[in-house]
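# Per-entry structural report
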Amino acid sequence: MRKLSFLLVLIILGMVFTPDSMGQFNRKNIKKNNKRIASFTGKKHFGKEHVYSGIGFSINALNYYGDLSPLPSRFSTDISFTKPGLGISFFHRFGPRYTLVGQFMYGTLKGSDAESAKKSGDESANFNKIRNLSFRNRIKELSLTAYFDLFENEGTYISRVKWTPYAFVGVAAFLHNPQAQAPATYLDGTPDPYAGQWVNLQPLGTEGQNAPLKPGDANYGIKPYSLLQVAIPFGLGARFRLNEVFDLWTDIGFRYTFTDYLDDVSKNYVDLGVFDPSPDGITPGTFTGKNQLAQAMNYRSNELPGATTGYTYVGRDLKTYHTYNGGYGAETKDNIRGDKKRNDIYMVTSIKLTYILGATFHRAKFR
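Since the structure is predicted, the reported quantities are computational estimates derived from the model, not experimental observations.

Thresholds, definitions, all that
Residue positions are given per chain, counting from 1 as you read along its sequence in written order. Note on the predicted model: pLDDT of at least 70 is required for a residue's local features to be given, and 80 or more for side-chain atom pairs to be given and counted; whole-chain, interface and lining totals, by contrast, use all residues. Working from all heavy atoms in the structure, the side-chain values ignore hydrogens and water. The secondary structure listing takes helices from DSSP runs of H or I that are at least 4 residues long and strands from runs of E that are at least 2 residues long, numbered from the N terminus. For every residue, the accessible area (1.4 Å probe, protein chains only) is compared with the maximum for its type, and the residue is labelled buried under 20%, exposed over 50%, or partly exposed between those bounds. We call two residues in contact when some of their heavy atoms are within 4.5 Å. Residue burial considers only the protein chains on display, and all accessible areas are found by Shrake-Rupley using a 1.4 Å probe. Pairing of aromatic rings covers Phe, Tyr and the six-membered ring of Trp, with a centre-to-centre limit of 6.5 Å; geometry is then stacked below 30 degrees between planes, edge-to-face above 60, and tilted otherwise. By definition, being over a ring means that NZ of Lys or CZ of Arg is both within 6 Å of the ring centre and within 35 degrees of the ring normal. Put simply, a nonpolar core is a bunch of buried Ala, Val, Leu, Ile, Met, Phe, Trp, Tyr and Cys residues held in one set by side-chain atoms that sit within 4.5 Å of each other. We define a salt bridge as a side-chain nitrogen of Lys or Arg found within 4 Å of a carboxyl oxygen belonging to Asp or Glu. Criterion used throughout: strands pair if DSSP finds at least two bridges between them. Confidence scores per residue from the predictor, reported as pLDDT, run from 0 to 100.

On to the overall build of the protein, then. Tallying secondary structure elements over the protein gives four helices and 12 strands in all. Here the protein holds 367 residues, and 44% of them are scored as buried. Look at the contacts in the protein between residues 6 or more apart in sequence, and 73% of them connect residues 24 or more apart. Within the structure as shown, the protein displays about 20500 Å² of accessible surface, and the carbon and sulfur contribution to it stands at 62%.

Below, the structure is given as structure tokens:
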């Protein structure tokens, strides 16, 4: 009888408590499953269906860093000489963070000792002012650059992020051609038929590249620099999604070049007499317009208002030259025209609009 009573009590307790216990257990499992489902994103894989390409058009601003900068610092530039540039590009998105961009850019670099020295309070600006050189250089650049996004996109173009910062690095080849405006007269005072015209500096060999220099001369052994050069582009920026197919890119980048002649200035002054086309470099020859122009573009301190001379020497052509004191326009040990230890750099600030090619629009019928 007692056993029967005990069994009945157990059955009653089970009927009372079991539904609640089971219900509570089920609710916990449901919550866990819901969390699992909510956090499930599927298997991450940037497949072929996620790859896309596009074209772009950019407006650029170019700045020059080199021997004609206001200060001797590598990071000195004259903002007033910021020049415009244009670019067209093709990009290929091949990974969740990675884009490859090919671009052609055309732009201009410019520098002037006279203008930059006015804006500088540094003592070194006095050297620039007396040196009195200037240039412009029109750049044609073809580059291939890899972009690395901070925020990844695992989906197709339609689900790309609203914005992302990025860094980029690549390689570029560019054509350049430094020019300067010819003075009113040659050094001997005769009128310059090229006066006021922009003339190409590389063929003149203004630092003695085309002259018969000899061992022991300041710039002996240097060759005419190439107008085709290589650079390393690198920088930072951000990309903003405008709509399904348009993006806006903004960035600041630098081009580290492997030349010091974007401005046609690198090494020392040379004896002005070496521009005489003498066969042996000693016996005076007959000057031509090109040789006289090379002289005038090499040494321009004589063009300054109230120019004075403090140094006189007989050149290799046996003619007498009068130049400034302190190492201007003559071949002496410390007669520096530029800083040969630092290659030139140019900066490109860019705003670019891109369009995704082959995009299709799919509007959902129901929300």
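Now for the packing of aromatic side chains. Evaluated as defined, the whole model comprises 22 aromatic pairs. Centre to centre, the rings of F174 and Y346 are 5.7 Å apart; their planes meet at 80 degrees, and the pair counts as edge-to-face. Residue F174 is located in strand β5 (residues 163–175), and its partner Y346 is located in strand β12 (residues 345–356); the two are separated by 172 residues in the primary sequence. For the pair F174 and Y346, one class covers both residues: buried. A cation sits over an aromatic face here: R136 above W198, 4.2 Å from the ring centre. Taking NZ or CZ as reference, R239 lies 5.0 Å from the ring centre of W249, over its face.

Attention now goes to the nonpolar core. For soluble globular proteins, nonpolar side chains are generally found buried alongside one another. One finds L293 and M297 to be the most contacted residues of the largest nonpolar core, which totals 28 residues. Per element, the largest residue contribution to this core is four residues, and it comes from helix α4 (residues 289–298). Not counting the four nearest positions on each side in its chain, M297 is found in contact with L133, A180, Q181, A182, P183, V199, L201, L204, T206 and R337. One finds Y64, M105, L133 and F135 within the second-largest nonpolar core, a separate group that totals 14 residues.

Taken as a whole and judged by the stated rule, the model has 10 salt bridges. With a shortest N-O distance of 3.7 Å, R97 and E152 are connected by a salt bridge. Separated by 55 residues along the polypeptide, R97 in the loop between β2 (83–93) and β3 (98–112) and E152 in the loop between β4 (134–149) and β5 bring together distant segments of the chain. When the shortest N-O distance is used, the salt bridge between R342 and D339 registers 3.9 Å. Residue D339 is classed as partly exposed on the basis of its relative accessible area, which comes to 30%. Salt bridges linked by common partners bring R93, D149 and R239 together as one network.

Mapped onto the fold, T185 is located in the loop between β6 (178–181) and β7 (198–200). When neighbours within four sequence positions are excluded, T185 is seen to be in contact with T190, P191, D192 and A296.

Within strand β1 (residues 52–65), 10 of the 14 residues are buried, leaving the element largely enclosed by the surrounding structure. Looking at chain direction, β1 and β2 are connected through 11 bridges and run antiparallel. Note that in β2 the partner of A61 across the bridge is P84. Bridging between β1 and β12 involves 12 bridges; their strand directions are antiparallel. The residue of β12 that forms the bridge with N63 is M347.

Attention shifts here to the confidence of the model for the protein. Summary statistics for the protein give a mean pLDDT of 82 and a share of 77% for residues scoring 70 or more. Confidence drops under a pLDDT of 50 for residues 36–43, and excluding neighbours within four residues, the segment shows zero contacts in the predicted structure. With pLDDT under 50 throughout, residues 362–367 is counted as low confidence; its partners more than four residues away or in other chains account for zero contacts.

Positive phi, close to 60 degrees, is recorded for N132, a residue that is not glycine. One can find N132 in the loop between α3 (125–131) and β4. Of note, D264 is a non-glycine position whose phi angle comes to about 65 degrees, a positive value. Relative to the helices and strands, D264 is located in the loop between β9 (246–257) and α4. Given a relative accessible area of 2%, D264 falls into the buried group.

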